[in-house]
Structure formats: C-alpha cells, structure tokens
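Structure assessment
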Amino acid sequence: MASNSEPAQWRCPDWMTRLGFTIAFAVLGLLVFRGLLSNSVSRWSTEPQYSHGFVIPLIALWLGWYRRDRIVAGEARCCEAGLLLIALGVVSHLVSAWFYFEAIDGIGLIMFIAGTVLLIWGRRFFVGIWPAVFFLTFMLPLPFQLEKLLSAPLQLMGANESAWFIQAFGIPAIAQGNTILMGETRLGVAEACSGLRMLMVFIAISAAAVIVSRRTRWEKVLILFSAIPIALICNILRIVATAVAHHSVGQE
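This report concerns the structure included in the present document. Think of each chain on its own: its residues are numbered from 1, step by step along the sequence as written. Two thresholds apply to this predicted model, a pLDDT of at least 70 for residue-level local features and 80 or more for giving and counting side-chain atom pairs, whereas whole-chain, interface and lining totals are computed over all residues. Only hydrogens and water are set aside when side-chain values are computed; all heavy atoms of the structure are taken into account.

Points about the pattern of salt bridges
Side-chain pairs of opposite charge can arise whenever the charged atoms involved come near each other. For this document, the term salt bridge refers to a Lys or Arg side-chain nitrogen within 4 Å of an Asp or Glu carboxyl oxygen. Tallied over the full model, the rule gives five salt bridges. Between glutamate 47 and arginine 43 there is a salt bridge, with its nearest N and O atoms 3.1 Å apart. Exposure categories follow from relative accessible area, calculated using a 1.4 Å probe and restricted to protein chains: below 20% of the type maximum is buried, above 50% is exposed, and the middle band is partly exposed. Take arginine 43: its relative accessible area is 13%, and that puts it in the buried class. We note a salt bridge from glutamate 147 to arginine 43, for which the minimum N-O separation is 2.7 Å.

Considerations on the packing of helix H2 (residues 34-46) against helix H5 (residues 102-135)
Axis angles are defined between N-to-C directions and span 0 to 180 degrees, where every axis is a line fitted to C-alpha atoms and, for a helix, only to the segment in contact. Secondary structure elements follow DSSP: runs of H or I of four or more residues count as helices, runs of E of two or more count as strands, with numbering from the N terminus. Packing of H2 against H5 leaves a shortest axis separation of 10 Å and a crossing angle of 105°. Taken together, the axes of H2 and H5 are roughly perpendicular relative to one another. Along the contact surface, H2 presents Leu36, Leu37, Asn39 and Arg43, while H5 presents Glu102, Asp105, Gly106 and Leu109. Residues were grouped as follows: Ala, Val, Leu, Ile, Met, Phe, Trp, Tyr, Cys and Pro as nonpolar; Asp, Glu, Lys and Arg as charged; and all remaining residues, including Gly, as polar. Of the residues contributing to the contact of H2 with H5, the split by class is three nonpolar, two polar and three charged. Any angle between 65 and 115 degrees counts as roughly perpendicular, while under 35 counts as roughly parallel, over 145 as roughly antiparallel, and the rest as oblique. Contact between two residues is taken to exist if any of their heavy atoms lie within 4.5 Å; hydrogens are not considered.

What about the packing of aromatic side chains?
How two aromatic rings sit relative to each other is set out by the distance from centre to centre and by the angle between their planes. Only rings of Phe, Tyr and Trp enter the pairing, Trp through its six-membered ring, and a pair is recorded when the two centres are within 6.5 Å. The plane angle decides the type: under 30 degrees is stacked, over 60 is edge-to-face, the rest tilted. Under the criterion given, the structure shown has nine aromatic pairs. Geometrically, the ring pair formed by tryptophan 44 and phenylalanine 54 is edge-to-face, given 5.2 Å between the ring centres and 70° between the ring planes. A residue pair is termed long-range when its members are at least 10 positions apart, and tryptophan 44 in helix H2 and phenylalanine 54 in the loop between H2 and helix H3 (56-66) qualify at ten residues. Between tryptophan 62 and tyrosine 66 the ring centres are 5.3 Å apart and the planes differ by 35°, which places this aromatic pair in the tilted class.

Structural notes on the pairing of strand E4 (residues 179-182)
Here E4 shows no split at all, with Thr179 and Leu181 on one side and Ile180 and Met182 on the other all buried. Counted between consecutive antiparallel strands, the loop separating strand E3 (residues 174-176) from E4 contains two residues, among which glycine 177 sits at a positive phi close to 65°. For two strands to pair, DSSP has to find at least two bridges joining them. In terms of strand pairing, E4 meets strand E5 (residues 185-188) through four bridges, oriented antiparallel. Bridge pairing in E5 places isoleucine 180 opposite leucine 187. Hairpin connection from E4 to E5: two residues lie between these consecutive antiparallel strands, with glycine 183 at a positive phi of about 65°.

What about the environment of glutamate 102?
The residue glutamate 102 is located in helix H5 in this model. Between the C-alpha atoms of glutamate 102 and glycine 128, which are 26 residues apart in sequence, the distance is 29 Å. For glutamate 102, the residues in contact, after removing those within four places along its chain, are Leu36, Asn39 and Arg43.

Here you go:
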C-alpha cells in the first residue's frame, strides 16, 4: 500500500512477460490482416492523399506515451473483455473477405489492436491510452465509394472557388466542371488536387491536438471541425497560386 506522501501509480511488475505476449499478438495480427496492411502500405506509397499513413503509427505511439499519466492507478490485471474484441476483429476480417469489403477489415484491425491492449495490459492501462489506439484509424485508406463521393464535390468546389480568386488577380478565368479556363489555357483540377489529402492530414492533426489538449469539450470540438475549412482554404490557395504562376511565368 502506497504511503500518503507518494502518489498512487499504475504498477506492472511482470511487464516483460506482458511485452512478450504483446509481440506475439502483434505477429498474429500481422498474419491475419496482412492483406489489408499490404494494400494500405501500397496506397501510402502511390496515392498522395494517404502518404501520411507512414507516420500515423509513430504519432499513435507518442500519443500513448504522452497520456501515460492518465493510466488509472493500481495493479495491472488482464481483462477478459479483450478476448471478445479480438474475436470480433477476426470475425470482421472473415466477413470482409467474404463480401470483399475492405472497410470492415479496417474496423476489425482496430478492434484486434484494442482487444490486445485490453487483454494483456488491462482496463486501467486501456482507459489511459485508448485515444492513441483509435488514432490508428487515420492510417487506413477511406473506402473506395466514400473516397469517390468526397473527391468529386471537392474538385468542383476547388475549381469554382479558385476561378473567382484568379479573377481577383486580373486574370480572365471561368470554371467548367473541374477545369478552369484562362483564355487558351485549360487548368484541370485533378483528383489528386481535390483537397482530400489536405482534409485527411488536417483532420488527423486536429485529432492529435484534441487528444493531447486539456481544453473544454466545446473547444475540442471546435479544434477538430476547424480542420475542414482550413484544409479547403489551403487547397484553394494552392490552386490559385498554381494558376497565377502558370499565367505569369509560363508552363515551364
């Protein structure tokens, strides 16, 4: 029992054994979800809007370390509820394989990771670092249908709003779909320039800021949702800067 002069802390005397089990479950997770993880790494490497996926696991580890003071004091005890989450994760993987729906596989991976932490390190530990676990969601690509649903409106918005600002620089410009006409020049707002990349990155950054901040709930909500207008404004500025440079300096 801790003395009155010493603050109560979370204790884990058998941490090496638990670490060994964690590594074993991590290897198991890599084997079960290897298809999802391989596809994710491939998309991180080839699709600009998901290139931030490489750093998300590192940020998640840092967030967990930052929140270590929020781990509930007491002795580390395994939590059997983690087994249920692990089982649900594996079932989700099997369902996704059956229906060819990768989004369900992503949910299964997060449940598997959360269940592993809960089972091996216990409820007290999980209560402290759970936001870091669910932050890993940002490393998973959006479902294809949702990505297409977001990209098209973002392209149109980027073209329409950018055309107005380009005109403010004295350059004749008009938006036709996702193409900006500037005299004989046609500037296409490609899918890669839709702003989805900035939107994903800014939301991830805002979520990390919310996790580490100790502000009021409404301030955290404001920080999180501010990522949307900031990302859209930054993307429009990028398109306008490209158009102005193209008009003033030339294509080269």
